Amino acid sequence: MFSKSKINEPGPKQAEATPTAAPMASSAPAAPASDYKPSAPKAKPPASLLSSDLHITGNLKTSGDIQVEGTVEGDIRAHLLTVGETATIKGEVIADDVVVNGRVVGRVRGLKVRLTATARVEGDIIHKTIAIESGAHFEGSVQRQDDPLTPGGKKAMPAAAAAPAPSAAVKAATAAAKAES
């Protein structure tokens, strides 16, 4: 039923002869393949957390996310800013997404701004979209802009419109100077 023949059995002579040549041929392409490591997309880092016992005086700027639970006296610029219920921010807030659960005293600029029921905002809000839950306390003005993250507003002004027109006093002084000469 079972028989051993030299045809089906790999011979030691073949195995000994080919390992020296075959591994060399196969290891050459394998070596560069092992050196190359495809760059996988980097995982988004977790939000920076400023705890409730932390008091910061100064400006914060990041391209990432920040969750504030403490007190910040200064401006904050981030991708996503979450103001916790125990947090107080005294300064301007600029972020793509702003979620306010705590207190902000200053201007809020964001593409998406959300004031929850526990929010207390004293300042103007410049936004693309806004949501204000029932119970939120807000004192200030609300203005919608297509690009609220830039201080200039919706679009850049033409150069002619950007230069202020001379005042009447400047015109009179210029005219008097011309009359004298």
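A. View of the overall build of the protein. Within the protein, the secondary structure is distributed over 3 helices and 14 strands. Residue burial in the protein is summarised as follows: out of 181 residues, 25% are buried. Looking at the protein alone, contacts between residues at least 24 apart form 6% of all its contacts between residues at least 6 apart. Of the roughly 12,400 Å² that the protein leaves accessible, carbon and sulfur atoms contribute 58%.

B. Local environment of the side chain of Asn101. Note that Asn101 resides in the loop between strand S8 (93–100) and strand S9 (103–105). With residues near it in sequence (within four places) discarded, Asn101 still touches Thr82, Val83, Gly84, Glu85, Thr116, Thr118 and Ala119.

C. View of the sheet that holds strand S5 (residues 71–73). As summarised here, the arrangement of the 6 strands in space is S2-S5-S7-S9-S11-S13, forming an open sheet in which the pairing is parallel. Strand pairing shows two members of the sheet lacking a second neighbour, strand S2 (55–57) and strand S13 (137–139), which therefore form its edges. Taking the axes of each pair of neighbouring strands and ignoring which way they run, one obtains an average angle of 5 degrees across the sheet.

D. Layout of the pairing of strand S10 (residues 108–115). Both S8 and S10 contribute to a ladder of 7 bridges, which runs parallel. Directly across from Val93, in S10, lies its bridge partner Val108. Summarising the sheet, S10 and strand S12 (residues 125–132) pair through 7 bridges and their orientation is parallel. Residue pairing across strands places Val108 opposite Ile125, the latter belonging to S12.

E. A look at the pattern of salt bridges. Under the definition given, this model contains 5 salt bridges. Here Glu92 and Arg109 are joined by a salt bridge, their closest N and O atoms 3.2 Å apart. Separated by 17 residues along the polypeptide, Glu92 in the loop between strand S7 (88–90) and S8 and Arg109 in strand S10 bring together distant segments of the chain. Notably, a salt bridge pairs Asp146 with Arg144, separated by 2.9 Å at the nearest N-O pair.

F. Focus on the side chain of His127. In this structure, His127 sits in strand S12. A relative accessible area of 7% places His127 in the buried class.

About the criteria used
- All residue numbers refer to positions counted from 1 along the written sequence of the respective chain.
- Confidence filtering applies because this is a predicted model: local features only for residues at pLDDT of at least 70, side-chain atom pairs given and counted only at 80 or more, and all residues used for totals across whole chains, interfaces and linings.
- With hydrogens and water stripped out, all remaining heavy atoms of the structure feed into the side-chain values.
- Secondary structure elements are taken from DSSP: a helix is a run of H or I of four residues or more, a strand is a run of E of two residues or more, and numbering for both begins at the N terminus.
- Each residue gets one of three labels from its accessible area relative to the maximum for its type: buried under 20%, exposed over 50%, partly exposed in between, using a 1.4 Å probe on protein chains only.
- When checking whether two residues touch, look at their non-hydrogen atoms; a contact exists if any pair is within 4.5 Å.
- Areas reported as accessible are Shrake-Rupley estimates using a 1.4 Å probe. Residue values count occlusion only from the protein chains shown.
- Note on pairing: DSSP must find at least two bridges between two strands before they are called paired.
- A fitted line through C-alpha atoms represents every axis, and for helices the fit uses only the stretch in contact; the resulting angles, taken between N-to-C directions, go from 0 to 180 degrees.
- Salt bridges are identified by distance alone: a Lys or Arg side-chain nitrogen within 4 Å of an Asp or Glu carboxyl oxygen.

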